[in-house]
Amino acid sequence: MSVILFIGVLGVLIAIFFNGPIKDMFGKNNRLVLKLENAKWFQNHWIAGIFVFSMNAVLFVLTGSLLYLLMYFSIPFIHLLVMVFAVMGSIFSWVLINKAWQGTERNRLKVGAVGSSFYIFLTIIFAYWFVTLKPTYPGEDTFMGAIGLVFAIIVTTVAFITCFVIMGFSKKNVA
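Residues numbered from 1 in each chain as written. Predicted model: local features only at pLDDT ≥ 70, side-chain atom pairs only at ≥ 80, totals over all residues. Heavy atoms only, no water.

A.B. asks: Go over unusual backbone geometry with me, naming the residues and quoting the values.
C.D. replies: Across the chain, the bulk of peptide bonds are trans and the bulk of non-glycine residues have phi less than zero. The backbone of Phe77 shows a phi angle near 65°, a positive value even though the residue is not glycine. Looking at the element boundaries, Phe77 is found in the loop between helix H4 (45-70) and helix H5 (78-100). (Helix = DSSP H or I, 4+ residues; strand = E, 2+ residues; numbered from the N terminus.)

So, in structure tokens, the structure goes:
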């Protein structure tokens, strides 16, 4: 499990450092980029940040729900594919929104901070659950629950950093 987590974190770091080629895959002719660019509500940095926050929440809930449903089936390793596609979908969404949003660097940072704050809230919730973890019955070993919460804290922290870097620090290429 640690190796899978390490590979995932390494993959996300590579996506952060080499986000230029990822951004170049989605040009100005993308339909979603054009729709968001032309929407007046989207050019306000607070509303755009709330949109990213909401999108992160929806993607997280959909992924969690799908993983919960997959617990009832005995298909090996399908949950790993779901998580990989969830990460790729999130990065794809952040890149599209970054391409569509126009504004100053300072406002771009605000969009990134507001949008990625969803993952900070999740990190705080998981940290609270970790600190207050108690056995449900006498003699229960809470070690596996603690390991799961540590992994959840790592994943949400990496998601926060990735979203904030892609949304807040990625400059649009001027052609």
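The discussion continues.
A.B. asks: Give me H5: which residues, what numbers.
C.D. replies: Its 23 residues give H5 an end-to-end C-alpha distance of 33 Å, which sits within 8% of 33 Å, the value for a rise of 1.5 Å per residue. Those residues of H5 not exposed but buried are Val82, Ser90, Ile91, Ser93, Trp94, Val95, Leu96, Ile97, Asn98, Lys99 and Ala100. (Expected span 1.5 Å × (residues − 1). Buried < 20%, exposed > 50% of the residue type's maximum accessible area, 1.4 Å probe, protein only.)

A.B. asks: If you had to explain the side chain of Ser116 to someone new, which residues and values would you point to?
C.D. replies: Relative to the assigned elements, Ser116 resides in helix H6 (residues 105-131). A polar atom in the side chain of Ser116 sits 2.6 Å from the backbone oxygen of Gly112. (Polar contact = N/O pair within 3.5 Å; in protein donor to acceptor, adjacent residues only side chain to side chain.)

A.B. asks: Summarise a nonpolar patch on the surface; cite the residues concerned and give the values.
C.D. replies: Among the surface-exposed residues, Val3, Phe6, Ile7, Leu10, Leu13, Ile14, Phe17 and Phe18 lie close enough to one another that they form a single nonpolar patch of about 870 Å² accessible area. Tracing the chain through its elements places Phe17 in helix H1 (residues 2-17). (Patch = residues over 30% accessible without salt bridge, like charges linked within 9 Å, V, L, I, M, F, W, Y side chains within 5 Å. Areas by Shrake-Rupley, 256 points an atom, 1.4 Å probe, with all protein chains shown as cover. Salt bridge = Lys/Arg side-chain N within 4 Å of Asp/Glu carboxyl O.)

A.B. asks: Residue-level account of the packing of aromatic side chains, with values.
C.D. replies: For the structure shown, the criterion picks out 11 aromatic pairs. Consider the rings of Trp41 and Phe51, whose centres lie 5.4 Å apart with planes at 65°: the pair is edge-to-face. Highlighted residues: Trp41 in the loop between helix H3 (31-38) and H4 and Phe51 in helix H4, separated in sequence by 10 residues. In this structure Trp41 comes out as partly exposed when scored by relative accessible area, which is 40%. Taking 5.7 Å as the distance between ring centres and 85° as the angle between the ring planes, the aromatic pair formed by Tyr68 and Tyr72 counts as edge-to-face. For Tyr68, a relative accessible area of 47% puts it in the partly exposed group. For Tyr72, a relative accessible area of 58% puts it in the exposed group. Pairwise contacts between aromatic rings join Phe53, Phe60, Trp94, Phe118, Tyr119 and Phe121 into one cluster. (Phe/Tyr/Trp six-rings, centres within 6.5 Å; stacked < 30°, edge-to-face > 60°.)

A.B. asks: Pulling in residues and values, what's your account of the packing of H4 against H5?
C.D. replies: The geometry of H4 relative to H5 is characterised by a closest axis approach of 10 Å and an angle of 170° between their N-to-C directions. Taken together, H4 and H5 sit at an angle that is classed as roughly antiparallel. The residues of H5 that touch H4, namely those facing Phe51, Val52, Met55, Asn56, Leu59, Thr63, Leu66, Leu67 and Leu70, are Ile78, His79, Val82, Met83, Ala86, Ser90, Ser93, Trp94 and Ile97. (Axes fitted to C-alpha atoms, helices over the stretch in contact; angles between N-to-C directions. Parallel < 35°, antiparallel > 145°, perpendicular 65-115°, else oblique. Contact = heavy atoms within 4.5 Å.)

A.B. asks: So what's going on with the environment of Glu105? Which residues, and what values?
C.D. replies: Mapped onto the secondary structure, Glu105 falls in helix H6. For Glu105, a relative accessible area of 38% gives the class partly exposed. As a C-alpha pair, Glu105 and Lys40 span 65 residues in sequence and 19 Å in three-dimensional space.

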